[in-house]
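Structure assessment
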Amino acid sequence: MRFRTEANSVCKDFDPPLPSEDLDCIKSLRINKAPGIVGRNNKMIKNHPLYTILTITIIIHKIMTLGHFPTRWKTATVVPISKPAKDPTDTNSYRPVSLLQSLSKIAEPLILKLLNNYLRENSVFCSEQFDFREKLSTSHQLIRVVEYVTEGFGNKQKTGAVLLDIQKTFDRVWQDGLIHKLIHFKTPPTLLS
């Protein structure tokens, strides 16, 4: 299921990133990362003149206002990397690494920031979710568990826990269901598409 906005619509639900935000993303690119399918590496992008960076800002602004992310930017070169101390003849002994376009590595964090801001401002996040949230991590969640256990010991209570580790979780996300939830929370259409 895909959603598109009209080509001439303008998103009024959020302000697109400023050139300074684009520049911050460019500065944060690591130069030792492999380039994507086009071959333009991060070092090249970091050395672009200011007018080229402004052009990148215009492109990212158009992506966000039209709700269309270039297919070429989503195309990755997948390289299998062997896991340490695993049988190299077994395909499960490898993890895929996707080499994306450097320009998508600039646009995606900016779009993610807008989406996260929208979801946070509209109280969509569950208060118990710590992973994939700014300034929170699974380490914070572990500290929280230790606090519960310590408090239970102090009150002479028993504490039980059920821990799940779902293999390849990202690959198992029901995308249509996720899109339905985003629609339910009135996520701006340009961020949906």
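What you are looking at is a predicted structure, and each value in this text was computed from that prediction instead of being measured.

Any two packed helices are characterised by the angle at which their axes cross and by the distance between the axes. Their axes nearest at 9 Å, the elements helix α1 (residues 19-28) and helix α3 (residues 50-66) cross at an angle of 110 degrees. Relative to α3, the element α1 is oriented roughly perpendicular. On α3, the residues touching P19, D22, L23 and I26 of α1 are I53, L54, T57 and I60. Class assignment for the residues of the contact of α1 with α3 results in 6 nonpolar, 1 polar and 1 charged.

It is worth spelling out the side chain of T187 at this point. Following the sequence through the fold, T187 ends up in the loop between α7 (175-184) and α8 (189-192). T187 gets classed as buried once you look at its relative accessible area, which sits at 5%. Reaching out from T187, the side chain makes a polar contact with the backbone oxygen of L182 at a distance of 2.8 Å. Non-local contacts of T187, meaning those with residues more than four positions away in its chain, are made with L115, Y118, L119, L182 and L192.

Partitioning the protein into domains gives domain 1 (19-123) and domain 2 (126-162). Distance between the C-alpha centres of domain 1 and domain 2: 33 Å.

The positions that UniProt labels "domain: Reverse transcriptase" (unreviewed entry) are, in the present scheme, residues 62-193. Secondary structure across residues 62-193 comprises 45% helix and 9% strand; the distance between its end C-alpha atoms is 13 Å.

Counted at 1.5 Å a residue, the expected span for α3 with its 17 residues is 24 Å, and the 24 Å between its end C-alpha atoms agrees. Following α3 by one or two positions, G67 adopts a phi angle in the positive range, close to 70 degrees.

A separate point is the packing of aromatic side chains. One pass over the structure, following the stated rule, counts 1 aromatic pair. Measuring from centroid to centroid gives 5.8 Å for F69 and W73, while their planes differ by 80 degrees, and the two rings are edge-to-face.

Reading guide: rules and limits
Residues numbered from 1 in each chain as written. Predicted model: local features only at pLDDT ≥ 70, side-chain atom pairs only at ≥ 80, totals over all residues. Heavy atoms only, no water. Axes fitted to C-alpha atoms, helices over the stretch in contact; angles between N-to-C directions. Helix = DSSP H or I, 4+ residues; strand = E, 2+ residues; numbered from the N terminus. Parallel < 35°, antiparallel > 145°, perpendicular 65-115°, else oblique. Contact = heavy atoms within 4.5 Å. Nonpolar A, V, L, I, M, F, W, Y, C, P; charged D, E, K, R; others polar. Buried < 20%, exposed > 50% of the residue type's maximum accessible area, 1.4 Å probe, protein only. Polar contact = N/O pair within 3.5 Å; in protein donor to acceptor, adjacent residues only side chain to side chain. Domains from an automatic or database assignment. UniProt positions renumbered as here; feature names shortened; annotations may be inferred. Expected span 1.5 Å × (residues − 1). Phe/Tyr/Trp six-rings, centres within 6.5 Å; stacked < 30°, edge-to-face > 60°.

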